[in-house]
Amino acid sequence: MNLIDLITGNAGSQVASKAENKFGISKNQVIALMAVAAPLVISYLRKKSQDDPNEAEALNSALDKDHDGSILDNPSQVEDRQQEGGSILDHIFGGQKSQVENQLSQNTGISMDKIGPVLAMIAPLIMGFIGKEKQSSGVNSGGGLGDLLGGILGGAQNQAQAEPSNPLNDILGSVLGGGNSQSAGNPLNDILGSVLGGGGQQQQGGLGGLLGSILGGGR
């Protein structure tokens, strides 16, 4: 399974339906949010694990202990693990969490009072996906996680570029393309700044145009 399969497949669809029922927002909005949030979370985790060996080992331990991938076979767990998901996001984004949520809210149309709880439902699914990829790749220490996470992002980018007619792939391609820039050394600037905030993408319609193509025609 790759990142796009996670978002558009059975697991992503079930989580989106649960969020739709619980929060009264469009299922397509949730899927679009996942298309941005998943690579964003993975990019942050990659940077943390590359910058700090202790973070890498902590992530490795958390994946082994709590995120074996079983949630992908039973996505209904996300509702019960929402509090855990919030803690995951607190750790990943730290002091930038509110800024991330604000940008995601502006660009998906999900209100600020709902964006955090929806992200908290999505986070355990993303971690479960990473855990399953870790198992299948044979990575057994924190030192190899940076490469594993980079491979997940690279694979999704390649698939997005290979299937540009799919609006979700457009979103992933734009997000991942923004994430390649290391100039600022900050994933928030690299991804949110260049893609979600518009930046150089604005003249091409940016994420807003891509979301519109899903939210306007995907119901």
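Presented here is a report on the structure given in the accompanying data block. (Residues numbered from 1 in each chain as written. Predicted model: local features only at pLDDT ≥ 70, side-chain atom pairs only at ≥ 80, totals over all residues. Heavy atoms only, no water.)

## Thoughts on the side chain of S49
Here is the rule: Where helices and strands are cited, they refer to DSSP runs of H or I of at least four residues and of E of at least two residues respectively, numbered from the N terminus. For the exposure calls, accessible area comes from a 1.4 Å probe over protein chains only, and a residue counts as buried if that area is under 20% of its type's maximum, exposed if over 50%, partly exposed in between. Between N or O atoms, a polar contact is any pair within 3.5 Å; within protein, one atom must be a potential hydrogen donor and the other a potential acceptor, and residues adjacent in sequence are included only when both atoms are from side chains. Throughout, a contact is declared for two residues whenever any of their heavy atoms are within 4.5 Å.
Of note, S49 is situated in helix α3 (residues 27-51). By relative accessible area, which is 8% here, S49 ends up buried. Within polar-contact distance, the side chain of S49 engages the backbone oxygen of R46 at 3.0 Å. When residues no more than four places from it in sequence are discounted, the contact partners of S49 are A56, L145, G146 and L149.

## Regarding helix α2 (residues 10-23)
An α-helical segment advances 3.6 residues per turn. Residues three or four places apart therefore align on the same side. Note the cut-off: How far a helix is expected to stretch is found by multiplying one less than its residue total by 1.5 Å. Throughout, the arc means that of the directions going from the helix axis to the C-beta atoms.
Counted at 1.5 Å a residue, the expected span for α2 with its 14 residues is 20 Å, and the 20 Å between its end C-alpha atoms agrees. Looking only at α2, the buried set comprises A11, G12, V15, A16, A19 and F23. Projected onto a plane normal to the axis of α2, the buried residues spread over an arc of 130° and lie on a single side. Along α2, exposed side chains directed more than 90 degrees from the buried face belong to N10 and N21. G24, located one to two residues past α2, shows a positive phi value of around 70°.

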